[in-house]
Structure formats: C-alpha cells, structure tokens
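Listed here are the chains, written in short residue letters.
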There are 2 protein chains.
Amino acid sequence: MAAYEFDAVRLFAEGQFAPDAEISIGPDATNYLANVLRLRVGDEVLLFNGRDGEWRARIADLKKRGAMLVLRGQTRPQSVPCDLWYLFAPLKHARLDYMVQKAVEMGASVLQPVMTRRTQASRVNLERMHANAIEAAEQCGILSVAEVRPVAALDDLLAAWPAERTLVFCDEDAPPGGAPAALAAAPKGPLAVLVGPEGGFDPAERERLAALPGVVRLSLGPRILRADTAAVAALALVQAIRGDWR
Amino acid sequence: MAAYEFDAVRLFAEGQFAPDAEISIGPDATNYLANVLRLRVGDEVLLFNGRDGEWRARIADLKKRGAMLVLRGQTRPQSVPCDLWYLFAPLKHARLDYMVQKAVEMGASVLQPVMTRRTQASRVNLERMHANAIEAAEQCGILSVAEVRPVAALDDLLAAWPAERTLVFCDEDAPPGGAPAALAAAPKGPLAVLVGPEGGFDPAERERLAALPGVVRLSLGPRILRADTAAVAALALVQAIRGDWR
C-alpha cells in the first residue's frame, strides 16, 4: 500500500554490502541526494544492491561527481523476489516507463519485451527500462531489481516456452468472467503474464497462444483497458489468486 | 483490453442525440479533429453524450472556433454504467489526472475525493477531474461519464455512509492474503473502494473505518504500492470478484 512510500530515502547502489563497507554512488544519485533532497555529509539514507537486503548508510563524502556512503547496519534482510515473468508488447516512451514501473511495483521479477505483428514501438531502450525498474524498486521498497530481458519475437518465445511455466494471456476475446476461477485452476508452478500490443494480437498469434499447453486466457472485463492499466489489473489478479498476495 | 483503443475517434459531446441531429463541439475538440487527426468536412467520428449511446457522426462544418457534426446513426446502445464508487485521497497534479483516468477505465461510476488527516493535496480541481474522466471514456469506449463529486471529509462521508453500500477499504495494515475471499464474502449490494493518502490513514481514521458495518479491509500484498497503482489493483479485484468482469 501507499502508506510507506515516502518514509525514507532508498537508493540502489552497486557493491558488496557489509558493515562499514564504503559504497560509492554516481553523479545522478548524488545530485538527487544533494540538490533535490538537500542532504549533507552525516545524513543517513537506505541502500540496497538487490542481493544483500536494505542497509542504513551514512553519507561520508559528497562531491559533484559522486558520493561515498558508509554502511551502518542492515535494516531489512534480502527478500525473496517473486518468480513472475511479465511479458509485454512495448509501448512508446513515457507510457512504457510507466508500465515498467507498475509491473515492478506489482512484483514482476522478469520484464520481457515481446515483438508481435502489431507492436507499434520499433525500438526499445533496455537501459531506460532497467533504470525504471530500479526507480520503482527504490520508491516502493522492493529489494530485488527485476531482470530486463532483451526484446524477443513472440513466436520465438512460444517455440521455446518452458513447460513448467503457465502463461496467463490477457485476451480481449476471452469469454468474460471467470478470471479468478481460471487462475485458481491453472497448473501449479510458476507463472508468466502477457499483455499484448495496443493493436491487439494477430489472429495467428492468438491461435498460437491458445494452443500453448496450460495457457490461461484471462478476460479483463467489458471495457477497453490501456496496456499499462491491463498490466496492473492482470498482475493484481495473479498475485491475489496465485502469487505472493495470498 | 487494449486492442480497440485506437480503432476509432470517439468524442464526448453535449446535446440531444437523434438521427440527423446537429451537434456542435468546442474549440478544443475541434482543434483535436482538425489539427491533430487532420480530419476534414465529410469525415466521420463517433460521438457519445453519456445518455444516448454511441453514434456515427459526419463532420459538416469545421472552423477554428468550433465544428458541427451531423449524427448518422447509433453504433452502440447506451451501456448501463457500473454502480461503483471510487473514493480517494487526492494526489498532486499529473498523478491525480492519471489516477482519475485509471479509475474510469476500471469502471468507477462515481469519483469521490476524500480529505483525510494526511491528505497532501490541499486543493482539488474538479473541472480537471471531470475533463480527465471524459478523456478516459473517449479513449476507452466507455459511454457513460463518471460523476465527479465535490471534495468531502472522510469523517463526514463515514457519518452519512449508506447502509446498503459495502466499503472496500485498502488497508496497508490488513492481514495479508484473503482478498478474493473477503470480497466474495462481503455483503451483497453496491460497493465503494477507498484508497488512502500516500501518508496512510491516521490511526483514528483506520479505527473509524474498521468499525463501519460490513466494511472489507483489503490487503494489496507485501509491497508498497503507489496510490494510483493501488487504485487499479483494488478495482481489478473488485470487478473480477464482485463487479462487471464476472
């Protein structure tokens, strides 16, 4: 929930975390600390590296080019990330940033951009997706950083689809209703959620998807949802019925 | 789903809809038609007024100050809107716009800004909320326009709460899990969903909420969600389990 959103400054930082370890951060994070938050040497923030949990860290040095922080102690152990893949046809620019942040907030551990026949965005900035995944983790207190996978063609993904992972496929042609029951009845084991392009799936793609063993065709109701809304809605149902909201 | 998002130009317009009725639209919508979409006299769009369904309309006159369209025929009958109230502590600016649009996409029929002790936004632009509700309806093919209610204090709303309406209250302190069961077990009758401010509810407010007859305390999982994400997630669960996604 939103309550703790702004309770502390939480930054992702590379490095080996241990008591009294010195952790350096780059110019962007430093600028945020010094000029946005107006923090100074001696102030404390929270750091995480995606592996070693969350640590209290004291700002020991603060320059334009970067800052150095000293780890004081662990405030939270590393959480075990969900095993939940989020597959999506990339959107353009700001709405893709937004969708990536939302998927991370909802607990996706893998972000897999998928090219379909009707995908509009031709190029995908994976660096920017990674930065958005980190920003969402920082803001939402998530201690693991979602893995950003290279863009793949839907057909290639389906051809090599892991048998044990159930694909939940948001299908505007799925019969309305029954989403909770369909998710509850899906095969045990890990899940992936696929939200299609704003032009919808090509009929051949939809056929291919429906033929995948154990696939769940998820209806997201009678109204048209934008892709970023569908992402949160589908992930909410999956987490509540099959995921770590239980 | 997202598939039909851009399949047609759909505009909200005031006026009495009937075959061959002449409907005028203002400078903003006209600018959008003429300069963004580059439509011309003779082109057709879809219009809805929130009461009479969706109609095909031909652009008969297009000036800078406004345009006049002639209704050709109804393409969809008026849909019956959900009876679902969305109560929320206002966010600031862009994120409020976003949250309002998302709530409308998810089927909220009433948008009720709620002032709580920790609400950050001091002023709420109801006109802007109304414009966002219309924009979301246009983009998502929703034929009814959500009602924007004046800002109210949480205590006043609870003091006059309608007995037949179940309040689903997104509570970061609710015991994790069980959201689908809690919603399924909630009293029959209409629902309202409340998402709190980003500072969380005050303890006295939470106590007051929990004491409301038939209230459902909804857990949205172990991660911190921004308020706009919580809105979509909570509404998705409500629609799938108790609403018009069934």
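A few points on the structure. (Residues numbered from 1 in each chain as written. Chains lettered and ligands numbered in written order. Predicted model: local features only at pLDDT ≥ 70, side-chain atom pairs only at ≥ 80, totals over all residues. Heavy atoms only, no water.)

Further remarks concern the sheet that holds strand S3 (residues 44-48) of chain A. Residue and element names in this part refer to chain A. Read across the open sheet, the five strands follow the order S1-S3-S4-S5-S2; overall the sheet is mixed. Each edge of the open sheet is held by one strand with a lone partner, namely strand S1 (10-12) and strand S2 (22-25). Each neighbouring strand pair of the sheet contributes to a mean axis angle of 45 degrees, computed without reference to strand direction. Bridging between S1 and S3 involves three bridges; their strand directions are parallel. Paired with leucine 11 across the two strands is leucine 47, which belongs to S3. Most of the contacts of helix H1 (residues 27-36) go to S2, to which it runs at about 95 degrees, and overall it touches S1, S2, S3, strand S4 (54-62) and strand S5 (67-76). (Pairing = 2+ DSSP bridges. Helix = DSSP H or I, 4+ residues; strand = E, 2+ residues; numbered from the N terminus. Axes fitted to C-alpha atoms, helices over the stretch in contact; angles between N-to-C directions. Contact = heavy atoms within 4.5 Å.)

Here the focus is the sheet that holds strand S5 (residues 67-76) of chain B. Residues and elements named next belong to chain B. Spatial ordering of the open sheet is given by S1-S3-S4-S5-S2, a layout of five strands whose pairing is mixed. Both outer strands of the open sheet, strand S1 (10-12) and strand S2 (22-25), are each paired with one neighbouring strand and no more. Neighbouring strand axes in the sheet, compared pairwise and without regard to direction, differ in orientation by 45 degrees on average. Here strand S3 (residues 44-48) pairs with strand S4 (residues 54-62) via five bridges, running antiparallel. Its bridge partner lying in S4, phenylalanine 48 is registered against glutamate 54. Taken strand by strand, helix H1 (residues 27-36) contacts S1, S2, S3, S4 and S5, and its axis lies near 95 degrees from that of S2.

Our next topic: the packing of helix H2 (residues 93-105) of chain B against helix H7 (residues 227-241) of chain B. Residue and element names in this part refer to chain B. Here H2 crosses H7 at 5 degrees, and the two axes come no closer than 9 Å. Taken together, H2 and H7 sit at an angle that is classed as roughly parallel. Residues Arg95, Tyr98, Met99, Lys102 and Ala103 of H2 form the contact with H7, whose participating residues are Ala227, Asp228, Ala231, Val232 and Leu235. (Parallel < 35°, antiparallel > 145°, perpendicular 65-115°, else oblique.)

This brings us to the side chain of B:Gln112. Its location among the elements puts B:Gln112 in strand S7 (residues 110-115). In this structure B:Gln112 touches B:Tyr86, B:Leu87, B:Phe88, B:Arg149, B:Pro150, B:Val151, B:Ala152 and B:Leu157, once residues within four positions along its chain are discounted.

All right, on to the environment of A:Ile134 then. All names here are of chain A. For isoleucine 134, the location among the structural elements is in helix H3 (residues 126-140). Remark: the alpha-carbon pair of isoleucine 134 and glycine 178, spanning 44 residues in sequence, is separated by 34 Å. Beyond its immediate stretch of four places on either side in the chain, isoleucine 134 contacts Phe12 and Val145.

On to the relation of the copies chain A and chain B. Copies of the same chain, two in number, are related to each other by a rotation about an axis and a translation along it. Rotating chain A by 180 degrees and translating it 0.0 Å along the rotation axis places it on chain B, where the RMSD comes to 0.0 Å. One copy is carried onto the other by what is essentially a two-fold rotation axis. By C-alpha distance to the rotation axis, the residue of chain A lying nearest is A:Ala233, at 2.7 Å. In this assembly the copies share their binding face: 100% of the residues contributing to the interface of chain A also contribute to that of chain B. (Least-squares fit on C-alpha atoms with pLDDT ≥ 70 in both.)

Attention shifts here to the interface of chain A and chain B. Across the boundary between the two partners, chain A contributes 53 residues, which contact 53 residues of chain B. Buried surface at the junction of chain A and chain B, summed over both partners, amounts to about 4500 Å²; 61% is from carbon and sulfur atoms. On the surface where chain A and chain B come into contact, there are four salt bridges. With a closest N to O distance of 3.1 Å, B:Asp228 and A:Lys102 form a salt bridge. Counting every contact that joins chain A to chain B gives 18 residue pairs in polar contact (both at pLDDT 80 or more). The set of elements that each furnish at least two residues to the side of chain A that touches chain B consists of helix H2 (93-105), H3 and helix H7 (227-241) of chain A. Sort the elements by how many residues they give to the side of chain A that touches chain B and H7(A) lands first, with 11 residues. Taken together, the residues of the side of chain A that touches chain B sort by class into 28 nonpolar, 12 polar and 13 charged. (Buried area = accessible area lost by both parts, 1.4 Å probe. Salt bridge = Lys/Arg side-chain N within 4 Å of Asp/Glu carboxyl O. Polar contact = N/O pair within 3.5 Å; in protein donor to acceptor, adjacent residues only side chain to side chain. Nonpolar A, V, L, I, M, F, W, Y, C, P; charged D, E, K, R; others polar.)

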